[in-house]
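Each chain, written out:
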Amino acid sequence: MAQIPNLDNAPLNLTSLREQSQKDLLNILRNIRGNKCLIVDQKLSGSLSLIIKTSILKEYGVELRHLSSEPVQTECPKVVYLVRSQLNLVKLISAHIQNDISKGTQREYSVYFVPRRTVACEKIFEEEKVHHLLTIGEYPLYMIPLDEDVLSFELDLAYRDYLVDGDTNALWHIAKSIHKLEYSFGVIPNVRAKGKASTRISEILTRMQVEEPVSTSSDVGIPEINTLILLDREVDMVTPMCFQLTYEGLMDEILRVNNGSVELDASIMGNQQQEGKKTKVPLNSTDKLFKETRDLNFEVVVQVLRQKATDMRQDYKEIQTANQSVSELKDFVKKLNSLPEVTRHINLAQHLTTFTSKPSFSGKLDMEHTIVEGESYDICFEYIEEMIHKQEPIVNVLRLLVLFSVTNSGLPKKQFDYIRREFLHSYGFEHIATLCNLEKAGLFKKQEVKGNWLMIKRALNLIVEDTDTANPNDIAYVFSGYAPLSIRLVQHAVRSGWRPIEEILKLLPGPHSEIKRGGYSSTPSFDTLPGAPASIDKVADGRRSLVLVVFVGGVTFAEISALRYLSAQEGMAYDLIVGTTKMVNGHSIMETFLETNA
């Protein structure tokens, strides 16, 4: 099955974006004649696999390698490096070239930075005395379609860099990516932002439109994206700290979904002969059964798969006992074609169940729910204290600790000092830097003012009792009773803008802004939608209006599922497309704050 997702059903022409990225890369390779060794930085290789097939690269005389500290082993006279602008990667490249020089090996070297070169990186090449041997260029890969409604800017550390180190490079990158989208699809007339980083991106975007204007003349027609919603991850750190319960979200929590696939032991997928070997399972909307089940609560997925297996068994029995007509046989064969998909997901679901059926799993979920409820402080504190004393995995402890701190606006001084001391005794004093990072980001802190979580929770109806996971009537089904705060904000931003929830927004981190741009002030904003005729919200060619929701600092699969649920509701006049710095979960976010070499 294709690793590269099929984008034919995307509400926006994402195929053209992918084709442009492919074209840009092939132009670089075409200009370097003959055989060449393409050395790709490890983090980029997953992104490239979603843009171009390895077989196409081979047609261009490319030998593919991953960048590592080992010297390059190749017969190719030309070496092309494709890397992100990171100083450690530049040092690796310099070491490769110096190694070649010491051995008298002569090669032509090219370095292409993704998405742009930086002065700091070039300075290192100069210091290492290899600058004169290099051709340096840029490969402007700003975003990658992960699926038909998800774009990733592939910025792993954007959240940490901004909150801990005050590095704003990622904000420029996100604004540039959106500006590039506008060149293809028109200036986005309505921009709503919440959070320090998001309002800053909104300002940069406005400045970019002044400096490099995208035409807003009538020949461009109505812009394809009607509204942009920018949301800082910092505004809602509760959601990613909760364990995701949708099929795709759970898979990410347990198996880690990477660039639209999971890698796991072949024996789990039924290949007993290949035990110990890894196999890659693609997960995108090209797989029809996955598209149907990815956004469901996992409890329901197990029932769906059981029903599919039962139906197939019944069909098989019927085909053996009766004289079937040719058309009935044809239908049966068609169903048989979906058997590999059904088998694949039964194997995956069975593997996930080995985790979800443990009493410790439901115990942890109950505790998360108790913390989010925000009404049993002592019980929650004791639970985290016990986890620390039992030396449970450090990331599990940090997730719960951050969830506890965020919902309480910190911990009272006495308990803060105590839990900090116990944590360092249990996990080692090198983690002082880890806790400092979390404090700088405001995720683990001393309580200075009384928390307002209970007020926010009530005002936005974040806890929904008696959630029906099988027939959901609210986005809360994705966490079996907790409605993601981030998606509640999107719900309001889309329906009626920020004005009606102004007071609640003030209780959440960072400023908020709402602007109209690009000479489209007459374009109907969603503010006017509730009482407006349905036709007002259609794009000229009859499609529904489009809202681009950008998460600055990462989004979880469960949040995307909640957005898809919203978009599919009757009476919703718009499609939603998600932009994110990276796909994240509580685990991956906490890992970016870990410091073990302090």
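Conventions and cut-offs
- Residues numbered from 1 in each chain as written.
- Predicted model: local features only at pLDDT ≥ 70, side-chain atom pairs only at ≥ 80, totals over all residues.
- Heavy atoms only, no water.
- Axes fitted to C-alpha atoms, helices over the stretch in contact; angles between N-to-C directions.
- Helix = DSSP H or I, 4+ residues; strand = E, 2+ residues; numbered from the N terminus.
- Parallel < 35°, antiparallel > 145°, perpendicular 65-115°, else oblique.
- Contact = heavy atoms within 4.5 Å.
- Nonpolar A, V, L, I, M, F, W, Y, C, P; charged D, E, K, R; others polar.
- Core = buried A, V, L, I, M, F, W, Y, C linked by side-chain atoms within 4.5 Å.
- Buried < 20%, exposed > 50% of the residue type's maximum accessible area, 1.4 Å probe, protein only.
- Pairing = 2+ DSSP bridges.
- Salt bridge = Lys/Arg side-chain N within 4 Å of Asp/Glu carboxyl O.
- Phe/Tyr/Trp six-rings, centres within 6.5 Å; stacked < 30°, edge-to-face > 60°.
- Right-handed = clockwise from strand over helix to strand, strands pointing away.
- Expected span 1.5 Å × (residues − 1).
- Polar contact = N/O pair within 3.5 Å; in protein donor to acceptor, adjacent residues only side chain to side chain.

Turning next to the packing of helix H17 (residues 394-407) against helix H18 (residues 413-427). Interhelical geometry of H17 versus H18 gives an angle of 170° and a closest axis separation of 12 Å. As summarised for this structure, H17 and H18 are arranged roughly antiparallel, according to the angle between their axes. Where H17 abuts H18, its residues Ile394, Val397, Leu398 and Leu401 lie against Ile419, Phe423 and Tyr427. For the contact of H17 with H18, the class distribution of residues is seven nonpolar, no polar and no charged.

Formed by 163 residues in total, the largest nonpolar core has its most connected members in Met251, Leu348, Tyr482, Leu489 and Met590. Among the elements that make up this core, the one with the highest residue count is H17 (nine residues). Look past the residues within four positions of Met590 in its chain and what remains in contact with it is Met241, Val395, Leu398, Arg399, Val402, Leu438 and Leu443. In this structure, Val72, Cys76, Phe125 and Val130 belong to the second largest nonpolar core, which totals 21 residues.

Judged by pairing direction, the sheet is parallel, and its five strands sit side by side in the order E2-E1-E3-E4-E5 without closing on themselves. Edge strands, defined here as strands with exactly one partner in the open sheet, are strand E2 (62-66) and strand E5 (134-138). The sheet shows a mean angle of 20° between the axes of neighbouring strands, taken without regard to direction. With seven bridges joining them, strand E3 (residues 78-84) and strand E4 (residues 108-114) adopt parallel strand pairing. In the strand pairing of E4, Lys78 is matched with Glu108. Helix-sheet contacts for helix H2 (residues 42-49) involve strand E1 (36-40), E2, E3 and E4, and the interaxial angle to E3 is about 90°.

The full count for this structure, using the stated rule, is 32 salt bridges. Linking Glu439 and Arg420 is a salt bridge whose minimum nitrogen-to-oxygen distance equals 3.1 Å. Of this pair, Glu439 sits in helix H19 (residues 432-440) while Arg420 sits in helix H18, and the two are 19 residues apart along the sequence. On the accessibility criterion, Glu439 (29% relative accessible area) is partly exposed. For Asp474, the salt bridge is made with Arg488, and the minimal N-O distance between the two is 3.1 Å. A residue pair is termed long-range when its members are at least 10 positions apart, and Asp474 in the loop between helix H20 (453-459) and helix H21 (485-496) and Arg488 in helix H21 qualify at 14 residues.

Now for the packing of aromatic side chains. Evaluation of the coordinates by the stated rule reveals 14 aromatic pairs. The interplanar angle of 35° and the centroid separation of 6.3 Å between the aromatic rings of Phe381 and Tyr418 together place this pair among those described as tilted. Within this pair, whereas Phe381 is found in helix H16 (residues 377-389), its partner Tyr418 is found in helix H18, the two being separated by 37 residues in sequence. The class of Phe381 is buried, set by a relative accessible area of 8%. Given the relative accessible area of 23%, Tyr418 is considered partly exposed.

This paragraph deals with unusual backbone geometry. The residue after Val114, namely Pro115, is reached through a cis peptide bond having omega -5°. By secondary structure assignment, the location of Pro115 is in the loop between E4 and helix H5 (119-127). Not every positive phi belongs to a glycine, and Glu154 is a case in point at roughly 50°. Tracing the chain through its elements places Glu154 in the loop between strand E7 (150-152) and helix H6 (158-165). Even without glycine at this site, Ser480 takes up a positive phi of about 50°. Since its relative accessible area comes to 29%, Ser480 is described here as partly exposed.

In terms of burial, E4 is largely enclosed, as six of its seven residues are buried. Handedness of the β-α-β unit built from E3, helix H4 (residues 87-103) and E4 comes out right-handed. As judged from the five bridges shared by E4 and E5, these two strands associate in the parallel manner. Looking at the pairing, Tyr109 lines up with Leu134 of E5. In the classification by handedness, the crossover that spans E4, the intervening H5 and the parallel E5 is right-handed.

Attention now moves to helix H1 (residues 14-30). Over its 17 residues, H1 runs 24 Å from end to end, which matches the ideal 24 Å to within 8%, given 1.5 Å per residue. Buried within H1 are the following residues: Leu14, Leu17, Arg18, Ser21, Asp24, Leu25, Leu26, Ile28 and Leu29.

Taken in spatial order, the seven strands make up an open sheet running E6-E7-E14-E13-E9-E8-E12, and their pairing is mixed. Sheet topology places strand E6 (144-147) and strand E12 (512-516) at the edges, where each strand pairs with a single neighbour. Sheet twist, expressed as the average angle between the axes of neighbouring strands with direction ignored, equals 20°. Pairing analysis gives three bridges linking E6 to E7, with the strands arranged antiparallel. Following the sheet pairing, Asp147 is matched in E7 by Val150. Running at roughly 150° to strand E9 (residues 227-232), H21 makes contact with strand E8 (190-194), E9, strand E13 (545-552) and strand E14 (574-580) of the sheet. Helix H23 (residues 557-567) contacts E7, E13 and E14 of the sheet and is inclined by roughly 165° relative to E14.

Before going further, it helps to spend a moment on the side chain of Thr580. By the secondary structure assignment, Thr580 is in strand E14. Residue classification places Thr580 among the buried positions, given a relative accessible area of 0%. A polar contact of 2.8 Å, which involves the side chain of Thr580, links it to the backbone oxygen of Lys582. Here Thr580 is in contact with Leu151, Ser152, Phe153, Glu154, Phe551, Gly554 and Val555, once residues within four sequence places are set aside.

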